[in-house]
Every structure is written in C-alpha cells, then in structure tokens.
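Results of the structural survey
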Amino acid sequence: MSVPASQSPAPTSRRRRQRRLTAGAVLLVLATTACSSLGRTAVGTVSYAIGPETSVTLTSPKVSGCHRLPPSGTTQVYNNTLVDMVMYRTPNCTGKDTVYLGSRLANNVAPKALPWRSYSFVH
C-alpha cells in the first residue's frame with residue numbers, strides 16, 4: 001500500500017515532534033537559568049605567600065567583591081586564573097597605589113615597599 005505524495009505525515013508523529021521540540025526548549029531554558037544563578041568565579045587558582053614558609057592557594061574565587069588578604073599582607077602573588085586582578089595595599093580595595101595583575105602572571109613586591117592587603121577581579 002502506497003501513500004500519495006500530497007498526503008502529510010500522520011497527526012501523531014507531528015504531535016510527537018512538537019512535544020520533543022517543546023521539551024527541548026524547556027530544558028534549555030531551565031539549564032540556562034540554573035547556570036546564570038550561580039556566582040561567577042575566576043576559573044583557576046590565586047596563590048600568595050604568607051611569610052617565608054607558608055603559601056595559600058584559593059581555587060576559583062568569586063569574581064565580584066573585594067578579597068582581603070591576611071592582615072600582614074603578602075609580597076608574592078600568582079594569578080593563575082582566566083581573569084585579570086588589581087592588587088591593593090589597603091585591606092578594603094581602595095587607594096591609588098595599585099598594580100594590575102594580568103591573567104596567569106605573578107607579582108613580587110619590591111623589598112622596601114608595602115605588602116598587598118587585598119585584591120579584586122576585573123570583570
């Protein structure tokens with residue numbers, strides 16, 4: 001038994017196809033909404049030294065806000081993230097004495113200079 005070329009597909013197959021497209025669109029919207037609600041992070045690590053024998057490594061810190069370093073500060077920072085940073089000599093990410101630290105770069109403070117006490121990400 002053959003079907004004439006002018007006859008369209010069965011209504012049930014059209015409905016199935018429409019349901020699949022609708023379900024796919026709904027899943028895409030849900031996935032996008034779920035991901036956008038997460039806090040953006042700087043993918044990678046930020047490492048800094050505290051004293052001669054201690055180092056700290058933070059994995060994927062949040063991109064927003066001011067990140068405080070220990071009160072004593074640090075003189076060595078390695079930005080191994082995909083986002084650039086700004087280093088500050090104050091604990092609250094203010095002041096004019098700053099350094100722009102690009103992605104995957106390091107910074108060492110000069111011997112008589114003040115240590116870094118906070119940082120923020122450029123986003």
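Preceding block: the structure.
Below: a short report on this structure.

1. Some remarks on the sheet that holds strand 4 (residues 76-81)
- Spatially, the four strands line up as an open sheet ordered 2-1-4-7, and their pairing is antiparallel. If you trace the sheet from one side to the other, it starts and ends with strand 2 (54-59) and strand 7 (105-108), each paired once. Direction aside, the axes of adjacent strands within the sheet are offset by 10 degrees on average.
- For strand 4 and strand 7, the ladder comprises four bridges, and the chain directions are antiparallel.

2. What to know about unusual backbone geometry
- Phi at Cys93 takes a positive value of approximately 55 degrees, unusual for a residue other than glycine.
- For Cys93, the location among the structural elements is in the loop between strand 5 (85-88) and strand 6 (98-101).
- Even without being a glycine, Arg104 presents a positive backbone phi close to 60 degrees.
- Within the fold, Arg104 resides in the loop between strand 6 and strand 7.

3. A word on the pairing of strand 5
- The two faces of strand 5 match: Met85 and Met87 on one face and Val86 and Tyr88 on the other face are all buried.
- Here four bridges tie strand 5 to strand 8 (residues 118-121), and the two strands are oriented antiparallel to one another. Paired with Val86 across the bridge in strand 8 is Ser120.

About the thresholds
- Here the residue numbers are simple positions, counted from 1 along each chain's written sequence.
- Since the coordinates come from a predicted model, pLDDT governs what is reported: local features require at least 70, and pairs of side-chain atoms require 80 or more to be given and counted, while whole-chain, interface and lining totals use all residues.
- Hydrogens and water molecules were not included; the side-chain quantities draw on all heavy atoms of the structure.
- Strand pairing requires that DSSP identify at least two bridges connecting the strands.
- By the criteria applied, helices consist of DSSP H or I runs no shorter than four residues and strands consist of E runs no shorter than two, each listed in order from the N terminus.
- In this analysis an axis means a line fitted to C-alpha atoms, helices contributing only their contacting stretch, and an angle means the value between N-to-C directions, from 0 to 180 degrees.
- Think of it in three bands: residues with accessible area under 20% of the maximum for their type are buried, residues over 50% are exposed, and the middle band is partly exposed, with areas taken using a 1.4 Å probe on protein chains only.

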